[in-house]
Structures are given as C-alpha cells and as structure tokens.
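Read off the chains here:
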Amino acid sequence: MRITNDAAMQALGSYRRGRMLFLGLGTGLGSAMIIDGVLEPMELAHLPYRKGRTYEDYVGRGGLERLGKKRWRRHVADVAERLQAALEADDVVVGGGNAKLLKTLPAGVRRGDNANAFLGGLRLWDDRRAHADGVRAHDAHGRRSRGLGRERG
C-alpha cells in the first residue's frame with residue numbers, strides 16, 4: 001500500500017526533471033517538492049506569510065473570497081516567486097482547482113492540470129516509470145532507488 005496526498009500525486013504527474021515545486025490552489029494550499037526524482041510532500045501552507053496569516057490564508061479559497069480575484073492573483077504570484085527563490089526550484093507548477101483563475105504566471109512558473117494526478121498515481125505505483133525522465137523515486141520498501149536508466153517504449 002502507498003499513501004500520499006493530492007498535491008504529491010499531481011506533482012509526480014507534472015514532474016520533468018531537476019528541482020520542481022508544486023503548489024496546489026484549492027480549498028487550501030497543497031505543496032510538494034521533487035528533487036532529482038525524489039518526492040517530498042510538504043506543508044508550506046501553514047508557514048507565516050503576512051499580518052499574522054499563513055500562505056494558505058492568502059492563496060487558498062478563503063483568501064480568494066476575502067481578497068477578490070485581482071488581489072488574490074497578486075498574492076499567488078508573490079507566494080510562487082518567494083517559494084521558488086527560497087527552495088531554489090528550477091520549475092514551479094501551479095495546479096489545483098483554482099489555478100484556472102490565474103490570467104498570467106510569473107517567470108519559471110507553469111500551470112498544471114488536474115489530470116496529471118492520474119499520471120502521478122501511475123508513477124507512484126510503477127517503480128519502472130516513477131517519473132517522466134525515467135528516474136525511479138523509491139523501491140518497494142520506500143528507499144530511494146539507484147536505478148536511473150530510461151525505460152524503453
């Protein structure tokens with residue numbers, strides 16, 4: 001059995017290579033980081049951001065309702081840029097149900113697709129195809145795999 005959250009599934013499905021940060025905009029703020037093929041689900045949502053509130057308070061559904069779309073979009077861009085810099089991410093993917101509300105994205109940020117969660121689920125279960133670049137994240141016991149070869153076909 002393998003257990004993970006929706007942000008981690010979408011991150012796995014969106015991963016290409018290097019250091020990727022996934023930010024899921026929905027009810028709250030989901031987050032996961034993949035570094036060289038190793039997935040790390042995160043809880044960045046609860047870190048302090050502004051005025052005694054958290055990242056989630058600004059970019060989750062509550063922030064959208066409280067701030068309105070225009071101000072919410074500015075905070076999403078600010079949060080993505082801050083976390084990209086802090087975590088030294090090569091690639092940032094913004095997904096989740098509210099990602100469709102974004103008109104533009106900061107440099108180095110791309111929009112994810114909820115359908116990537118299905119690919120992430122397949123990659124989670126198929127150690128031979130754990131990631132788009134052929135890197136296997138974990139063996140059957142949860143240890144990092146040394147198998148870095150590409151799969152045929």
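In the block above lies the structure referred to throughout.
K.L.:
Please explain the overall build of the chain as it appears in this structure.
P.N.:
Scanning the chain for helices and strands turns up five helices and seven strands. Looking at the 153 residues of the chain, the share that counts as buried comes to 46%. Summarising the internal contacts of the chain: among those between residues at least 6 apart in sequence, 52% fall at separations of at least 24. For the chain, the exposed area adds up to about 8,700 Å²; of that, 50% sits on carbon and sulfur atoms.

K.L.:
Looking at this structure, how should I read the sheet that holds strand β6 (residues 91-95)?
P.N.:
Two orientations exist for strands paired in a sheet by backbone hydrogen bonds: parallel and antiparallel. The strand order across the open sheet formed by five strands is β3-β2-β1-β6-β7, and the pairing between neighbours is mixed. Each having just a single partner strand, β3 (38-42) and β7 (109-111) make up the two edges of the open sheet. Sheet twist, expressed as the mean angle between neighbouring strand axes with direction ignored, is 20°. As defined by bridge partners, strand β1 (residues 19-25) adjoins β6 across five bridges and the pair is classed as parallel. Looking across to β6, one finds that Met20 is bridged to Asp91. Against the sheet, helix α1 (residues 6-14) makes contact with β1, β2 (29-35), β3, β6 and β7, and its axis sits at roughly 40° relative to β2, the strand it touches most.

K.L.:
Help me out: how do you make sense of the pairing of β6 in this one?
P.N.:
Taken residue by residue, a regular strand's side chains alternate between the two faces of the sheet. Among the five residues of β6, five are classified as buried, and the element is accordingly described as predominantly covered. Residues of β6 alternate between two faces, with Asp91, Val93 and Gly95 on one and Val92 and Val94 on the opposite face, all of them buried. Judged from the three bridges that link them, β6 and β7 form a sheet pairing that is parallel. For Val94, the partnering residue across the bridge sits in β7 and is Arg111.

K.L.:
Got a minute to help me understand helix α4 (residues 69-87) in this structure?
P.N.:
Since the α-helix packs 3.6 residues into each turn, any two residues three or four apart lie on the same face. Here α4 spans 26 Å end to end across 19 residues, near enough to the 27 Å set by a 1.5 Å rise per residue. Buried within α4 we find Trp72, His75, Val76, Asp78, Val79, Ala80, Leu83 and Gln84. Of the surrounding secondary structure, the elements contacted by the buried residues of α4 are β1, β4 (48-50), α2 (55-59), α3 (61-67), β6 and β7. Remark: Glu88 follows α4 within two positions and exhibits a positive phi of approximately 50°.

K.L.:
What should I look at first to understand the packing of aromatic side chains in this one?
P.N.:
Remark: the centre distance and the inter-plane angle together describe each pair of aromatic rings, the angle taken between the planes. The full count for this structure, using the stated rule, is two aromatic pairs. Each ring, one from Tyr49 and one from Tyr58, has its centre 5.0 Å from the other, and the planes form 80°; the classification is edge-to-face. With a relative accessible area of 13%, Tyr49 lands in the buried category. The buried category is assigned to Tyr58, whose relative accessible area is 5%. An aromatic cluster is defined as three or more aromatic residues linked by ring pairs; in this entry it consists of Tyr49, Tyr55 and Tyr58. The ring centre of Tyr58 lies 5.1 Å from the NZ or CZ of Arg66, which sits over that ring.

Parameters and conventions
- Residues numbered from 1 in each chain as written.
- Predicted model: local features only at pLDDT ≥ 70, side-chain atom pairs only at ≥ 80, totals over all residues.
- Heavy atoms only, no water.
- Helix = DSSP H or I, 4+ residues; strand = E, 2+ residues; numbered from the N terminus.
- Buried < 20%, exposed > 50% of the residue type's maximum accessible area, 1.4 Å probe, protein only.
- Contact = heavy atoms within 4.5 Å.
- Areas by Shrake-Rupley, 256 points an atom, 1.4 Å probe, with all protein chains shown as cover.
- Pairing = 2+ DSSP bridges.
- Axes fitted to C-alpha atoms, helices over the stretch in contact; angles between N-to-C directions.
- Expected span 1.5 Å × (residues − 1).
- Phe/Tyr/Trp six-rings, centres within 6.5 Å; stacked < 30°, edge-to-face > 60°.
- Lys NZ or Arg CZ within 6 Å of the ring centre and 35° of its normal.

These figures capture arrangement, not role.
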